[in-house]
Number of protein chains: 2
Amino acid sequence: MAATIKDIARVAGVSTATVSRVINNLGGYNEETEKKVMAVSKELGYRKNENARSLVQKSTNTIGVIMPDVTTAFYGDIIKGIEDTSYEYGYSVILTHAGSHGSRIHESMNLMGERRVDGLIIVSVELHESAIQSLTSLGIPYILISTKTNREDTPYMKVDDYSAAYTAVKYLIEHNHRTIGMAGANPNDPIAGVPRINGYKQALQDYGIKVDLNLIKPGGFNFESGQSAMQSFIEDDAAVTAVFCASDEVALGIISTCFENEIHVPNDISVVGYDNSKVSHMSVPPLTTVAQPLYDMGREGCFEVIAAIQNKSKIESKVIPHELVVRKSVKSLE
Amino acid sequence: MAATIKDIARVAGVSTATVSRVINNLGGYNEETEKKVMAVSKELGYRKNENARSLVQKSTNTIGVIMPDVTTAFYGDIIKGIEDTSYEYGYSVILTHAGSHGSRIHESMNLMGERRVDGLIIVSVELHESAIQSLTSLGIPYILISTKTNREDTPYMKVDDYSAAYTAVKYLIEHNHRTIGMAGANPNDPIAGVPRINGYKQALQDYGIKVDLNLIKPGGFNFESGQSAMQSFIEDDAAVTAVFCASDEVALGIISTCFENEIHVPNDISVVGYDNSKVSHMSVPPLTTVAQPLYDMGREGCFEVIAAIQNKSKIESKVIPHELVVRKSVKSLE
DNA sequence: GAGTATTACGTAAACGTTTACGTTACGCAT
DNA sequence: ATGCGTAACGTAAACGTTTACGTAATACTC
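What comes next concerns the included structure. (Residues numbered from 1 in each chain as written. Chains lettered and ligands numbered in written order. Predicted model: local features only at pLDDT ≥ 70, side-chain atom pairs only at ≥ 80, totals over all residues. Heavy atoms only, no water.)

Describing the protein's contact with DNA strand D
Thinking step 1. Taken together, the neighbourhood of DNA strand D is formed by 29 residues, with Ser15, Asn30 and Thr33 of chain A together with Ser20 and Gln57 of chain B sitting nearest.
Thinking step 2. Expressed as a percentage, the sugar and phosphate content of the atoms of DNA strand D within 4 Å of the protein is 67%.
Thinking step 3. Within the backbone of serine 15 of chain A, a nitrogen or oxygen atom sits 2.6 Å from a phosphate oxygen of DNA strand D.
Thinking step 4. Elements with a minimum of two residues in the surface near DNA strand D: α2 (16–23) and α4 (50–57) of chain A together with α1 (5–12), α2 (16–23) and α4 (50–57) of chain B.
Thinking step 5. Of the residues assigned to the surface near DNA strand D, the class counts are ten nonpolar, 13 polar and six charged. (Near = heavy atom within 4 Å. Polar contact = N/O pair within 3.5 Å; in protein donor to acceptor, adjacent residues only side chain to side chain. Helix = DSSP H or I, 4+ residues; strand = E, 2+ residues; numbered from the N terminus. Nonpolar A, V, L, I, M, F, W, Y, C, P; charged D, E, K, R; others polar.)

What to know about empty space enclosed by the protein
Thinking step 1. Applying the stated criterion to the full structure yields four cavities of 30 Å³ or more.
Thinking step 2. In this structure, the largest cavity encloses a volume near 260 Å³.
Thinking step 3. Taken together, 20 residues form the lining of the largest cavity, with Gly76 and Ile79 of chain A together with Tyr75, Gly76 and Ile79 of chain B sitting closest to its centre.
Thinking step 4. For the lining of the largest cavity, the elements supplying multiple residues, two or more each, are α5 (73–88) and β2 (92–97) of chain A together with α5 (73–88) and β2 (92–97) of chain B.
Thinking step 5. When grouped by side-chain class, the residues that make up the lining of the largest cavity number twelve nonpolar, eight polar and no charged. (1 Å grid on protein atoms, 1.4 Å probe; cavity = no way out; pocket = protein on both sides within 12 Å on 5 of 7 lines; lining within 4 Å. Points joined across faces, edges and corners; volume = space filled by probe spheres on them.)

Overview of the interface of chain B and chain A
Thinking step 1. Contact residues are listed per partner, giving 54 residues for chain B and 55 residues for chain A.
Thinking step 2. Ranking the residues of chain B by area buried against chain A places Arg47, Tyr87 and Arg115 of chain B at the top, with a combined share of 15%.
Thinking step 3. Viewed at the interface, chain A and chain B are joined by four salt bridges.
Thinking step 4. Among the salt bridges present, the one from glutamate 83 of chain B reaches arginine 104 of chain A, with a minimum N-O distance of 2.8 Å.
Thinking step 5. Linking chain B to chain A there are 30 residue pairs in polar contact (both at pLDDT 80 or more).
Thinking step 6. With seven residues, the single largest contributor to the side of chain B that touches chain A is α5 of chain B.
Thinking step 7. Looking at the side of chain B that touches chain A residue by residue, the classes come out as 19 nonpolar, 17 polar and 18 charged. (Contact = heavy atoms within 4.5 Å. Buried area = accessible area lost by both parts, 1.4 Å probe. Salt bridge = Lys/Arg side-chain N within 4 Å of Asp/Glu carboxyl O.)

Quick notes on the relation of the copies chain B and chain A
Thinking step 1. At an RMSD of 0.1 Å, chain B and chain A line up after a rotation of 180 degrees and a shift of 0.0 Å along the axis. The two molecules are tied by a two-fold rotation axis, judged by turn and shift. Closest to the rotation axis within chain B is the C-alpha of isoleucine 94 of chain B, separated from it by 2.1 Å.
Thinking step 2. Here 100% of the contact residues of chain B are again contact residues in chain A; the copies associate through an equivalent surface. (Least-squares fit on C-alpha atoms with pLDDT ≥ 70 in both.)

Structural data, given as C-alpha cells:
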C-alpha cells in the first residue's frame, strides 16, 4: 500500500541506493537526481519505515520507560522530562507499567527487549535480584530513577532520602516542634521507605528527642495513607504538633482529615510533605515540602541513557540534591 | 550478538521455519523437535525481534498516543486506561507530546507514521484542517479523546461539555446562587472552552438570571488561571457567591486564592470544578465537580482503536455521560 | 496394495531498508 | 596517451522474521 523506496526508485529511474542516499542526505548524487527523487517521494506520499531501518542498523532510536502502576503528578513530571529529552535527541519513548508492586516487571522488561529499545529507564520500582538479572541481560544502557538496588553496579538517579527526611524533620525541630509524627512510609520498602524513617529518627535523636514508635504511621505514598494516619493520630490522642509525610499526597491526606475534624493546619498542627510535586503548591495551605527535582531527574536520566547509547559509555549513579521548599503548612511554636 | 532463529535452527538441526513455528506455537511439529527447539532457544538466550516480525507482518502491535505538553493528573488517568488496555491486548504504547498548543503535532504524527503504529490516540489537542489531513493520510484507525474536530468523520470520545457545564451551573442555581462566576475557560478554544461557557450562560438564562460578562474570567485549565480569576473577582469587588471552574486545577487555584484572602470556601463562596481528577478529592474542602470518567475514557478509547485494527471496522464517535460528584465545596444559600 | 490424507518438516521468497563494493565516465596531471 | 582520482551512481547482500509452497514419510481407506 504505502510507497517504498523501491517505488520511488522505479518511478524516478534510479536505484534504491540512490534514493536512500538522497532521503538521508548522505551526498554522492547530483542536484538533478536529488530534485527528481524528492519530487517523486513527495508525489507518492512516501513515509520512511523506521522498522526496516531499525532492522539493518540494529538500533531502534527508541527508549523504554517502565513505571509503577499508579498515576500521580509525581510521575507526570518525570515522564515529561524524559519525553522532552528523548524527542530532542530523535528518540521515541515506549511506555509500560510494571504492574502493581512490580508484578509484571519481568514481562515488561521482556517486552522492551523484544522491541529492541536502545535504552531503558525504570522509575520508582523496586528491583529484586531476578529482575536485575533480566535487566542486565538486555545488554543495553539503563538507569533507575527515584529508586535503586542493593547492588553497586546498577546506576541510579535519586535524592538521598535519608538526609532529605533528616532535613525536613530538623526544620520542624528548629521551629520548636517536639512531638513529631511520621506518615506514609512503608518500613518494608528498603529503598524509599526505610531511609526516610531512619532520617526522621536520627534527626529526633540528634536533638535529644526520644523516638516514639507509635508516632510512626506506616503506609503507601498515597492520599488514603495520609488520611488513615491522621485518623490514627486522632484516635490515639497523640499530642503531635507536626507530622512529616513521605509524599505530598500523604500530606494532603493529613490535611484533608484535619479539615474534617476541624483541626487547623498549621495553627493546630504543622505538616511537611515530600516531592514538591504539582499538588504541593495547590493545597490549602500551600505545602512546605522537600523538593525532588522531578522534571530534571527525568531529563537528566534520559540524557545519561542517550549519551551511554551513543558513546557506549558507562552511566554513573548520581545523588540529586534535595531542597526544602518553605510554604505555609508549618507554624513556628512560640 | 543476540541469538536469532537461524542460530537456533543451526544448533537444533532444523530449519528456521520450524523454529518459527515452535516459537509461535503454530503446530506442525512433533513433541521432540519442540522440546529440542525450546531447549536451544533457552540455552542461547533467544529473544524475538519484534521489528523483524513487524516488517513481514506489516503490523507493529503498537499504538501511538499523542498528548498535550502538560502534565496533570488529568492525563495520568487517561494514559493509564490506555496502557492497561493495550497491554491486555498485547500492544505497546509509544507516547509523544504535541508540543505547547500543538506546535509539534505534525512532527508527532509523522513520527507515529514512520514507526508504523497500528492505531493512534490523540488526547486533548485541538486539530486544525492540515493536522486532520496528516492524520487521515496515515491510513490507520484513530480516535480523539477529550477533544473533537469540526468534521463529522473524525471519531472522538468525549463528554458533552455544554451540558456538563449546564448541569454544574444548574446545581449552583438550585442551591440558590444567583451571582455565579466562571473561571478558566478559553473563549478561543472552540472545543473545550466555548461549550462550557455556553452551557454556563444557558443555565443562567433558563433560570432567568442575566449573564454578566464581567463574571466570566477566561484562562487556561491550570491552577494559575484559577488564581488570577479569583484575584480578579476580588479586585472587581464582584459579589459572586459561587464560581464554576473549567477544570479541577482551576478550582484549586480559586480555593487557594480564597484562602490567602481569608475568604472561606464554601461558607463565603462556593466552588465547583470539572474533571473529577485525582486532585478533586484531595482538596480542602473536597471539591464538588463534574466527573469525566478519565480512566474509562482511556480504556474504552484504546479498546475501540484495537477493535478497529483487528476487525477493520469503523469507530463511532461517542459522547460519554457526565456526572456531578457532590463533595463539600458548595454551600446551599439560606 | 493402490490411492489418498495427514503429519512434519524444509526451501526460499518476501518485508523495506542500508551499505560495502563495484563500475562507469570524466577531468586532469604528467 | 597513460594513469589516477573522483563524482555519481548501480548491484546485491544483509538485517531477522514469517509463510506459501513443496516434499517425503507415514497412516488410513477400501
